[in-house]
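# Close look at the chain arrangement
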Amino acid sequence: MSKAICKLQSTGITIDSAASRVKPCCHFDPEETLDIPDVSQIENFEQVLSSRLTRWIKKQTKRKNIPQCDTCWDRERNKLQSRRTWYNTKITGTGNKVENLQIALDYTCNLMCRICAPKHSSKWNSAKDAVKKLRLITGQPSYSTNPLKQNYSENIKRVIQNSDLTNLKTIEMIGGEPFYSKHFNWFIETICEKSNPENIEFSCVTNGTIIPPKDILDKLLRFKWVNIKLSIDGLGPLAESTRYGVDWTTIDKNIHTWAKLHKKANTGQIEVRANPTVSILNVNKLQEIIDYFDDWKDIRVAPHGLRGPGWLCLEQIPIEIRKKWVPNYWHPYQGHQFTNIVLSDRTVENKLEQFLQSTLVLDNHYGMSFKDCNPEIYETVERLVNVEQ
């Protein structure tokens with residue numbers, strides 16, 4: 001087998017943005033170089049997995065590292081685990097039935113995070129004036145209101161109903177905020193009807209602002225394993241500024257509740273993790289997140305580096321400055337992750353002026369100052385911009 005083989009290309013399905021493109025992986029083809037169908041154009045997942053496009057992708061991958069998969073190649077070059085290496089141990093990659101399903105049922109969300117955009121959050125989509133200003137500043141098409149494809153959720157449900165789910169091994173729920181989705185309960189019930197939950201590892205990315213009701217938690221316990229991934233990018237005022245919409249005291253209380261559920265699952269069936277997205281907004285505050293979760297030694301902090309939008313990429317700050325922000329973490333693998341992310345040498349375009357302009361737009365919309373929450377980063381960027389001028 002070629003070292004470049006990715007089993008997700010054979011039996012993985014991802015629908016992770018309002019554009020509703022049906023891809024093998026969330027990291028696949030971020031620049032949209034391929035003509036990938038959206039969910040309204042297919043009848044079931046088997047149609048995608050047996051398509052000419054899928055066969056072409058697999059054929060190309062056998063020959064070389066294709067650019068549509070650069071995210072994984074970059075991670076592996078830095079000796080980090082990629083989605084490719086992870087899922088190659090989880091699924092068989094054989095047949096034309098879906099084994100890994102990564103899906104957003106809708107984009108209902110109660111937060112307007114600085115790293116997000118209208119295509120992932122209904123809260124963002126409602127901020128039309130701020131979105132318009134950001135598009136003018138950045139030129140990014142992702143800052144467009146009403147990006148959701150017509151009948152998105154209805155098409156998702158139709159395709160799921162029409163698909164063979166008997167080979168499902170892993171599910172990844174994303175959003176929006178999955179626990180706010182009115183379709184969440186339907187999805188869990190449908191999965192349990194069309195496949196065997198005892199054979200499925202279930203993960204859910206949540207912003208920590210809500211604890212689902214007991215009936216939902218009980219249904220999740222039907223799965224082989226449940227992984228709750230808490231998107232926590234900062235503490236206190238920084239958390240409220242970077243992931244705007246809910247006060248930190250609510251999130252802190254909910255984290256403690258999830259921690260109790262994690263500890264009660266002595267069989268290992270429920271695992272709670274903190275998954276901070278490392279960006280220019282919080283790269284200097286990672287030790288605070290690690291120390292906060294250190295109260296629960298068995299809850300790991302597993303970071304991932306932001307790939308976009310460009311004005312928030314941490315690589316804009318010179319690596320010599322970033323060296324002092326490498327945190328100390330007891331876990332050997334996640335510690336290595338933190339180091340590699342903070343010291344990433346990925347080449348990115350300098351958009352620090354856009355950072356200052358865009359930050360001001362969001363500050364005005366939120367009614368709070370990012371500079372007050374993280375003066376070190378803001379003043380560092382100001383100095384770098386002044387040097388360039």
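Above: the structure in question.
Everything in this summary refers to the structure shown in the same document. (Residues numbered from 1 in each chain as written. Predicted model: local features only at pLDDT ≥ 70, side-chain atom pairs only at ≥ 80, totals over all residues. Heavy atoms only, no water.)

### Focus: the packing of aromatic side chains
- Taken as a whole, this structure holds 16 aromatic pairs when the rule is applied.
- Their ring planes at 15° and their centres at 4.2 Å tell us that Tyr244 and Tyr366 sit as a pair that is stacked. With Tyr244 in strand E7 (residues 243-244) and Tyr366 in helix H16 (residues 352-366), this pair connects stretches of sequence that are 122 residues apart.
- Look at Tyr244 and you get partly exposed, because its relative accessible area is 23%.
- Both rings, one in Phe355 and one in Phe370, keep their centres 6.1 Å apart while their planes meet at 85°; by these two values the pair is edge-to-face. With Phe355 in helix H16 and Phe370 in helix H17 (residues 370-373), this residue pair connects regions lying 15 residues apart in the sequence.
- By relative accessible area, which is 0% here, Phe355 ends up buried.
- Judged by its relative accessible area of 0%, Phe370 falls in the buried class. (Phe/Tyr/Trp six-rings, centres within 6.5 Å; stacked < 30°, edge-to-face > 60°. Helix = DSSP H or I, 4+ residues; strand = E, 2+ residues; numbered from the N terminus. Buried < 20%, exposed > 50% of the residue type's maximum accessible area, 1.4 Å probe, protein only.)

### Structural notes on the sheet that holds strand E5 (residues 201-206)
- Spatially, E1-E2-E4-E5-E6-E8 is the arrangement adopted by the 6 strands of the open sheet, whose pairing is parallel. What marks the edges here is a single partner per strand, and that holds for strand E1 (12-15) and strand E8 (270-274). The mean inter-strand angle of the sheet, taken between neighbouring strand axes irrespective of direction, is 15°.
- Across 4 bridges, the pairing between strand E4 (residues 170-174) and E5 is parallel. The residue of E5 that forms the bridge with Ile171 is Phe202. (Pairing = 2+ DSSP bridges. Axes fitted to C-alpha atoms, helices over the stretch in contact; angles between N-to-C directions.)

### Comments concerning the side chain of Ser163
- Mapped onto the secondary structure, Ser163 falls in the loop between helix H8 (152-162) and E4.
- In this structure Ser163 comes out as buried when scored by relative accessible area, which is 3%.
- Sequence-distant contacts of Ser163, defined by excluding residues within four places in its chain, comprise Asn44, Phe45, Glu46 and Lys194. (Contact = heavy atoms within 4.5 Å.)

### With respect to the pattern of salt bridges
- Using the criterion set out here, one finds 22 salt bridges in the structure.
- Across the pair Glu382 and Lys371 runs a salt bridge, and its minimum N-O distance is 3.9 Å. Taken together, the positions of Glu382 in helix H18 (residues 375-388) and Lys371 in helix H17 put the pair 11 residues apart, joining distant regions of the chain.
- Classification of Lys371 by relative accessible area gives partly exposed; the value is 31%.
- Each of the salt bridges in this network shares a partner with another, and the network as a whole consists of Asp74, Arg77, Arg307 and Asp345. (Salt bridge = Lys/Arg side-chain N within 4 Å of Asp/Glu carboxyl O.)

### Regarding unusual backbone geometry
- Of the consecutive residues Gly175 and Gly176, the connecting peptide bond is found in the cis state with omega at 15°.
- Mapping Gly176 onto the fold places it in the loop between E4 and helix H9 (184-194).
- Omega for the peptide link from Gly308 to Pro309 comes to 10°, which places this bond in the cis form.
- Structurally, Pro309 is set in the loop between strand E10 (304-305) and helix H14 (319-322).

### Regarding the nonpolar core
- Phe45, Phe187, Phe202, Phe293 and Phe355 are the most contacted members of the largest nonpolar core, which has 102 residues in total.
- A per-element tally of this core places H16 first, with 6 residues.
- Ignoring anything within four residues of it in the chain, the contact list for Phe293 reads Leu230, Ile232, Ile255, Ala274, Ile299 and Val301.
- Core analysis: the second largest hydrophobic core is formed by 13 residues, Leu34, Ile66, Cys69 and Ile91 among them. (Core = buried A, V, L, I, M, F, W, Y, C linked by side-chain atoms within 4.5 Å.)

### Description of H8
- Among the residues of H8, Tyr152, Ser153, Asn155, Ile156, Val159 and Ile160 are the ones counted as buried. The buried residues of H8 occupy an angular sector of 160° when the element is viewed end-on, so they sit on one face.
- Of the surrounding secondary structure, the elements contacted by the buried residues of H8 are E1, helix H2 (45-49), strand E2 (100-104) and H9. (Arc of directions from axis to C-beta.)

### Observations concerning the side chain of Thr138
- For Thr138, the position within the fold is in helix H7 (residues 128-138).
- At 2.8 Å, the side chain of Thr138 and the backbone oxygen of Leu134 are in polar contact.
- At 3.1 Å, the side chain of Thr138 and the backbone nitrogen of Gln140 are in polar contact. (Polar contact = N/O pair within 3.5 Å; in protein donor to acceptor, adjacent residues only side chain to side chain.)

### Notes on the packing of H16 against H18
- Two numbers describe how H16 lies on H18: the axes approach to 9 Å, and their chain directions differ by 130°. Looking at the two axes, H16 sits oblique to H18. When you trace H16 past H18, the crossing you get is left-handed. Where H16 abuts H18, its residues Leu352, Glu353, Phe355, Leu356 and Thr359 lie against Ile377, Tyr378, Val381, Glu382, Leu384, Val385 and Glu388. (Parallel < 35°, antiparallel > 145°, perpendicular 65-115°, else oblique. Left-handed = near helix turned anticlockwise from the far one by under 90°.)

### Observations regarding the environment of Thr250
- Among the secondary structure elements, Thr250 is positioned in helix H12 (residues 248-264).
- We classify Thr250 as partly exposed; its relative accessible area is 29%.

### A look at the packing of H8 against H9
- Interaxial distance between H8 and H9 falls to 11 Å at its minimum, and their mutual angle equals 10°. With respect to H9, the axis of H8 lies roughly parallel. On H9, the residues touching Lys157, Ile160 and Gln161 of H8 are Trp186, Phe187, Thr190 and Lys194.
- For the contact of H8 with H9, the residue count by class is 3 nonpolar, 2 polar and 2 charged. (Nonpolar A, V, L, I, M, F, W, Y, C, P; charged D, E, K, R; others polar.)

Treat this as a map of the structure, not an account of what it does.
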